[in-house]
Amino acid sequence: MAANKTRTSSFSAAPSSQTPGIKFVPNGTIFVSSGIPDLDKILGGGFPLGSLVMVMEDAEAPHHMLLLRNFMSQGLVHNQPLLYASPAKDPREFLGTLPSPVLSKDDKSHNKDPEQDKGLRIAWQYKKYFGENQQNYDSHRVGKQEFCNDFDLRKPLERQFLGGCRVDCVSLQNFSNLGALQDHCASFLAQFPRNDDNISRVGRLAIQSLCAPQCGYSTMEWEMLSFIRSLKGMLRSSYAVAVITFPSFAIVL
């Protein structure tokens, strides 16, 4: 009689992690939020770890700026290290334009006086009758809020988020060639190796207007393609996500 064979699954277990701001899905993909809830839904959960997102800029409708700001703010809110590069001489000034997260209804309720808010007291009285199902729903809703925030574009990000996380701002004008920029990105991504099942840190890389006219390598198409290819390879082996925007006249194959 033939021995019974143990049935095995082709799916591997997802890495365990207590790191906020990441989402696991059944197929093993790990997402971080783009910072825009509706965009996360369209993408099926957000940006997969290890991905490179390239966006063509439009001067008449600068949606790429909204994406960059929300993407950067979402990472800083979760204390995820950030590398930001732009053609500006002082890219750190851009941090002052990042939006602040909108307080959730639960957070706003902490600033109210329960004795003066009759609606809140009534809700509190009925809460004990909701049972376990309502508790599970609240936990799911809180977790969802932690993964992706709504941001108020009129209110700048508070300094506590900028000071509690490592933010590396560099000017693209300071690099003589894309090879030097590639080395800088490699040093940053080396902090997040994909070599174990415990995600302790997640990184975000944002490059604005790569190969803009201010940069000496703006017309080096082959070097640009080589840089993108190398960066994609580094991202595949790291727990990080990169977003790069290109001027409308740039040619990216």
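Everything that follows concerns the structure shown earlier in this document.
What counts, and at which threshold
Residues numbered from 1 in each chain as written. Predicted model: local features only at pLDDT ≥ 70, side-chain atom pairs only at ≥ 80, totals over all residues. Heavy atoms only, no water. Helix = DSSP H or I, 4+ residues; strand = E, 2+ residues; numbered from the N terminus. Buried < 20%, exposed > 50% of the residue type's maximum accessible area, 1.4 Å probe, protein only. Contact = heavy atoms within 4.5 Å. Areas by Shrake-Rupley, 256 points an atom, 1.4 Å probe, with all protein chains shown as cover. Pairing = 2+ DSSP bridges. Axes fitted to C-alpha atoms, helices over the stretch in contact; angles between N-to-C directions. Core = buried A, V, L, I, M, F, W, Y, C linked by side-chain atoms within 4.5 Å. Parallel < 35°, antiparallel > 145°, perpendicular 65-115°, else oblique. Phe/Tyr/Trp six-rings, centres within 6.5 Å; stacked < 30°, edge-to-face > 60°.

Undergrad: Help me understand the overall build of the chain, please; the structure alone is not making it clear to me.
TA: Each helix and strand in the chain was counted, giving eight helices and 10 strands. Counting the 253 residues in the chain, one finds 40% classified as buried. When contacts within the chain are restricted to residue pairs at least 6 apart in sequence, long-range pairs at least 24 apart make up 79% of them. Total accessible area on the chain is roughly 15300 Å²; 52% of this is exposed by carbon and sulfur atoms.

Undergrad: So what exactly am I meant to see when it comes to the pairing of strand E5 (residues 82-86) here?
TA: Across the five residues that make up E5, a large majority, five, are buried. Going residue by residue along E5, you find Leu82, Tyr84 and Ser86 tucked away on one face and Leu83 and Ala85 tucked away on the opposite face as well. Pairing between E5 and strand E8 (residues 167-171): five bridges, direction parallel. Its bridge partner being in E8, Leu83 is matched across the sheet by Asp168. Of the strand pairs in this sheet, E5 and strand E9 (residues 203-207) are connected by four bridges, and their pairing is parallel. Within E9, the position partnered with Leu83 by the bridge is Leu205.

Undergrad: Got a minute to help me understand the sheet that holds strand E3 (residues 47-48) in this structure?
TA: Pairing between sheet strands relies on hydrogen bonds along the backbone, with the strands arranged either parallel or antiparallel. As summarised here, the arrangement of the three strands in space is E1-E2-E3, forming an open sheet in which the pairing is antiparallel. Looking at which strands have only one partner, the edges of the open sheet turn out to be strand E1 (22-24) and E3. As paired elements, E1 and strand E2 (residues 30-32) share three bridges and run antiparallel to each other. From the neighbouring strand, Ile22 faces E2, where its bridge partner is Val32.

Undergrad: Hey, could you run me through the sheet that holds E8 in this one?
TA: Taken together, the five strands give an open sheet; going across it, the order is E4-E10-E9-E5-E8, and neighbouring strands pair in parallel fashion. The open sheet has two free edges, formed respectively by strand E4 (52-56) and E8, since each of these has just one partner strand. Pairs of neighbouring strands in the sheet enclose a mean axial angle of 10 degrees, with direction left out of account. Across five bridges, the pairing between E9 and strand E10 (residues 240-246) is parallel. Paired with Ile207 across the strands is Ile244, a residue of E10. Taken strand by strand, helix H7 (residues 178-189) contacts E5, E8, E9 and E10, and its axis lies near 160 degrees from that of E9. Each of E4, E9 and E10 is contacted by helix H8 (residues 221-236), which is oriented at about 160 degrees to E10, the strand it contacts most.

Undergrad: Mind showing me how you'd approach the nonpolar core here?
TA: Generally speaking, nonpolar side chains in soluble globular proteins are found buried as a group. Met72, Leu181, Leu205, Ile207, Leu210, Phe227 and Leu231 are the most contacted members of the largest nonpolar core, which has 58 residues in total. Leaving out residues up to four positions away in the same chain, Ile207 has contacts with Ala85, Leu172, Cys185, Phe227, Val243, Ile244 and Thr245.

Undergrad: When you look at the packing of H7 against H8 in this model, what are you seeing that I'm missing?
TA: Angle between the axes and distance between the axes: these two values describe a pair of packed helices. Taken N-terminus to C-terminus, the directions of H7 and H8 make an angle of 10 degrees; their axes are 10 Å apart at the nearest point. Compared by their axis directions, H7 and H8 come out roughly parallel. Packed against H7, whose contacting residues are Leu178, Leu181, Gln182, Cys185, Ala186 and Leu189, the element H8 presents Glu223, Met224, Phe227, Ser230, Leu231, Met234 and Leu235 at the interface.

Undergrad: Would you mind showing me how to read the packing of aromatic side chains here?
TA: Ring pairs (aromatic) are described by centroid distance and by the angle formed between their planes. Applying the stated criterion to the full structure yields three aromatic pairs. Pairing Tyr84 with Phe94 gives two aromatic rings, centres 5.0 Å apart and planes at 20 degrees, and the pair type is stacked. With Tyr84 in strand E5 and Phe94 in the loop between E5 and strand E6 (99-101), this residue pair connects regions lying 10 residues apart in the sequence. Just as Tyr84 is buried, Phe94 falls in that class too.

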